[in-house]
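Listed below are the residues making up each chain.
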Amino acid sequence: MYKSTLRYFVLFCAISMAHTLQAQTNNGGGLNSMLQQQGGRSAAEPERAKEFEIGGITVSGGQYLDEDLLISVSGLTVGNKVRLPNDESIARAIRNLWRQELFANVRVDVTKIVGNKVFLDINIEERPRLSRYNFRGIKKSEAQELKDKMTLVKGKVVTEATKKEAIERVRKYYTEKGYGDVAIGVVERPDTLSVNAILLTFDIDKGHKTKINQINFAGNTQATDNKLKGTLRSTKEMPRITLHPADEVSVYESEERSFRNYIGSLGFLSLSKTLDALNPYFRFNIFSSSKFNRQKFEDDKQGLVAYYNSLGYRDAAVVDDTAYAVENGHINIDVRVSEGHKYYFGDVSWKGNTKYSNEQLSRILNIKKGDVYNAQLLDSRLGRSINPEGGEDISSLYMDDGYLFFNIDAVETSIIGDTINYEMRVTEGPQATIRNISIAGNDRTNEHVIRRELYTLPGSKFSRADLIRSQRQIANLGFFDQEKIGIQPRPNQEDGTVDIDYTVVEKSSDQLQLSAGFGGGVRFYGNIGVTFNNFSLRNIFKPRYWDPLPVGDGQKFSVNFQSNGSFYNSLSTSFTEPWLGGKKPNALTTSFVYSRFSSAIGNTTVTTSNSSMRVLGGGVSMSKRVKWPDDNFVFTYGINYQNFLLKDYGFISDAKGNTFNNGTANNLFFKLVLARYSVNQPLYPTDGSNVSFTFQFTPPYSAFNDVDFSKKTINEKYKWIEYHKYRFTAEWYKRIAGDLVLKLATKYGFMGYYDPNIGFSPFERFQVGGDGLGANNFFIGRDIIAHRGYKNVYNYEATIFNKYTAEVRYPFSKSATATIYGLTFVEAANAWGNFREYNPFKLRRSAGVGIRLFLPMFGLLGLDYGVGFDSFNRATGNTRLGQISAVTFMLGMEPD
């Protein structure tokens, strides 16, 4: 009888557990036969399930996971009541653990039963962990780039989700490169060298690049195909030169016309006429990328709709698009648009404004009844998006006056026919006061160096303009990654204040200058220098601040040495304290220079090989920021002295050909500079300008006596050098589209004299042309003006010069570790000996391409290739491209 009853009970347990613990059974386990020892009724009596108290919980099978954490995740707790064998809490515990995707198998076993207490064991089989992974079917360089993008970590559990995410990252990488049909497989195999570890191999078949053969539009009657193609910023057709009807208008027509007019104004008439002749028929598309990226295409469609909106077509939409393969292996894209009706602005009313009148706000909004509807223009004038015109907007008007909590909603009150009426609902809120300013991330730079540059001061009214200006000031310090300067206002509406958090990322600002040149009368010469832009004089005796010299106070210290061995040696040094006294931005700069040039080569007037010229000098200057006409201006004044000692030296002569061979000359001059600097970032400016006017002069010694200098020797004339000199330099930067930037620059220089019997000083003249590497010209103070495209200097003794430059720049990288951009340029310049020869329309022209690379340690490196059009001369035989072109290398700073 006992045996018969036991058989029924075992059968009952098996049936009950198969029904209630299906999750456990599916995963390889369940409660064990310990329950059979309790006896009980037959399988026909399921109500005999018995209640137990959990007396203990253990975990088995685990290798890496924390046992207490697993028990907590399961939801089972010692002391809880469970009814076995069909308690739902057991099944729920297994589901909780299975949901973590960390296990290949999970079950709950009964290890023993003592009285009414049951002891449970959670038995797990952990999923394998990643040992390593590799790629098959791709280049080594691509594999390295992919590893930088993957999130796979050695030792982490590998789940199906892990593999799926890795595959998507690989797919995204190749899709962005134009491989739209990339096939990716994953092979998983055990690692025999490790326990419970696997190797993943990604098999990649890139296939062919998916390029866009042609983009076709349908449904467009108010915009040409070319106009619409121009709105697709990242979706371009394959490079080609296409033939178009003469009456078709290009999306770039106005830009082309402006460019032709500009180069025509510089005298490049033949090139301008050629463009004019080709323009009606050809469109050049040889540099644009034609890779197809579905996500970027979706973004481009929004740009297409925005273009229609700007034309007044408020309801425009892309109703359908299809991408399909064509015979050449690439794809065509068909886009169907619905333009809808053209709309116009109607009446605009204002509500809620108390600070500014309706008339003031309407004047800034500058949208009149009858204007073509333009959603982008409306948003920019309200300040909800960047204003492409760069003018004032409603939001900046309020926020620059402290109204941080300001908000405006443009509500369409009615649409009558094709006219949309608006009500502008303004919520002004209180004016916010700046409470606290915090700065983080400045690991090397002392906080006061940053704080003194800020225009947002505790206790002052909040101003968005001050916020933007502060960001620019921090960037212009040059100590931080300009792309990672963070500004986060934290409003406190309850008390009407705002806290502002600034975050910066330090970068190396010290620079090593290395350069070499050939020419200038000294044959081959080299230059080495180092500039510490974040120097700290007060920490010079504190070793913990050395990196490699003491840093942190924003001071500038530089040392430079040039040499040609025994012929030429020069040592210069300078120090700048940007905030003298620490309270105002008054910069003090001191400098010292020693140079010696001996055994002048190639000078037929020298009678001895021991000829030399020694220069010893220095200077001190002060700079201060001025608030008129605006606070972007800086005024600098200083005094400098140079002493020249000549021995059998024959390079210096006056207008009559008299040579200054032996003796001393003194150059005591004053220098005044008024400059305005509003460039938004120093490494790759996209907006702003840099304008300066320099007046350099000596005392008029000849006016202090009645000496007739026409009867004096050249040594007496130039014992104390006298002159006055003027320089004007202006650079403008303007974003054209995206990161494409236009730079326009102009430079003028003029030198005068006090006494006509002395004439122009042979010192301090202008040297124009060449690459600007002529070293010995620094000795006698010549301003060297480089001209790309011209190998040689074309005027050594100029007293007046003009130079004009236009550049179009595009960045390849704007990271702090390496800023790289390419450029194309056109330049025109010339120089003259006096005003009688001056002809501002007679300019030497050039054009070319270049690249710039900024490395934190080495500064700016550049390479330019230019063609000097006016070097072409059949009479002299300069007809080949190699004879009229030049490669220019620069390091450390842009040539003047």
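Residues numbered from 1 in each chain as written. Predicted model: local features only at pLDDT ≥ 70, side-chain atom pairs only at ≥ 80, totals over all residues. Heavy atoms only, no water.

**Some remarks on the nonpolar core**
Okay, step 1: Residues Met613, Phe644, Leu646, Ile652, Phe660, Phe763 and Val768 are the most contacted members of the largest nonpolar core, which totals 28 residues.
Okay, step 2: Residue assignment for this core shows that the elements contributing at least two residues are strand S24 (612-626), strand S25 (633-647), strand S28 (663-677), strand S32 (766-769), strand S34 (793-798) and strand S36 (819-832).
Okay, step 3: When neighbours within four sequence positions are excluded, Phe660 is seen to be in contact with Leu646, Tyr649, Ile652, Ala665, Ile714, Asn715 and Tyr718. (Core = buried A, V, L, I, M, F, W, Y, C linked by side-chain atoms within 4.5 Å. Buried < 20%, exposed > 50% of the residue type's maximum accessible area, 1.4 Å probe, protein only. Helix = DSSP H or I, 4+ residues; strand = E, 2+ residues; numbered from the N terminus. Contact = heavy atoms within 4.5 Å.)

**What to know about the packing of helix H3 (residues 67-74) against helix H4 (residues 88-98)**
Okay, step 1: Contact geometry for H3 and H4: axes closest at 8 Å, N-to-C directions at 120 degrees. As far as their axial angle goes, H4 and H3 are oblique. Residues Leu70, Val73 and Ser74 of H3 pack against Arg92, Ala93, Asn96 and Leu97 of H4.
Okay, step 2: Residues belonging to the contact of H3 with H4 are distributed by class as follows: four nonpolar, two polar and one charged. (Axes fitted to C-alpha atoms, helices over the stretch in contact; angles between N-to-C directions. Parallel < 35°, antiparallel > 145°, perpendicular 65-115°, else oblique. Nonpolar A, V, L, I, M, F, W, Y, C, P; charged D, E, K, R; others polar.)

**Side note on the pattern of salt bridges**
Okay, step 1: All told, the structure shown has 44 salt bridges when counted by the stated rule.
Okay, step 2: Residue Lys81 pairs with Glu53 through a salt bridge whose shortest N-O separation is 3.5 Å. Of this pair, Lys81 sits in strand S2 (residues 81-84) while Glu53 sits in strand S1 (residues 50-60), and the two are 28 residues apart along the sequence.
Okay, step 3: Among the residues examined, Glu53 registers a relative accessible area of 22% and is labelled partly exposed.
Okay, step 4: For Asp783, the salt bridge identified is with Lys725, shortest N-O distance 3.4 Å. Linking Asp783 in strand S33 (residues 783-785) with Lys725 in strand S30 (residues 724-737), this pair joins segments that are 58 residues apart in sequence.
Okay, step 5: Connected via shared salt-bridge partners are Arg788, Lys803, Glu807, Arg809, Glu827, Arg852 and Asp864. (Salt bridge = Lys/Arg side-chain N within 4 Å of Asp/Glu carboxyl O.)

**Considerations on empty space enclosed by the protein**
Okay, step 1: Tallied over the full model, the rule gives two cavities of 30 Å³ or more.
Okay, step 2: Surrounding the second largest cavity, Leu683, Thr819, Tyr821, Leu853, Phe854 and Leu860 form its lining.
Okay, step 3: Among the secondary structure elements, those contributing two or more residues to the lining of the second largest cavity are S36 and strand S37 (844-855).
Okay, step 4: When its residues are assigned to classes, the lining of the second largest cavity shows five nonpolar, one polar and no charged. (1 Å grid on protein atoms, 1.4 Å probe; cavity = no way out; pocket = protein on both sides within 12 Å on 5 of 7 lines; lining within 4 Å. Points joined across faces, edges and corners; volume = space filled by probe spheres on them.)

**Topic: the layout of surface pockets**
Okay, step 1: Roughly 390 Å³ of volume is contained in the second largest pocket.
Okay, step 2: As for the second largest pocket, its lining consists of 14 residues, and the residues nearest its centre are Tyr455, Pro585, Arg625, Lys627 and Asp631.
Okay, step 3: Ranked by residues supplied to the lining of the second largest pocket, first place goes to S24 with three residues.
Okay, step 4: For the lining of the second largest pocket, a count of residues per class yields six nonpolar, one polar and seven charged.

**As for unusual backbone geometry**
Okay, step 1: In this structure, Pro629 follows Trp628 across a cis peptide bond, with omega equal to 0 degrees.
Okay, step 2: Tracing the sequence through the fold places Pro629 in the loop between S24 and S25.
Okay, step 3: Its identity as a non-glycine residue notwithstanding, Asn366 has a phi of 55 degrees, on the positive side.
Okay, step 4: Relative accessible area serves as the criterion here: at 38%, Asn366 is assigned to the partly exposed category.
Okay, step 5: With a phi angle near 65 degrees, Glu764 is a residue other than glycine that sits in the positive phi range.
Okay, step 6: For Glu764, a relative accessible area of 5% corresponds to the buried category.

**Brief notes about helix H6 (residues 160-176)**
Okay, step 1: For H6, spanning 17 residues, the distance from its first C-alpha to its last is 24 Å, which sits close to the expected 24 Å at 1.5 Å a residue.
Okay, step 2: Looking only at H6, the buried set comprises Lys163, Ala166, Ile167, Val170, Tyr173 and Tyr174. End-on view of H6: buried residues confined to an arc of 120 degrees, all on one side of the axis. Within H6, the exposed residues directed more than 90 degrees away from the buried face are Lys164 and Lys172. (Expected span 1.5 Å × (residues − 1). Arc of directions from axis to C-beta.)

Without other data, these values stay purely geometric and don't point to any function.
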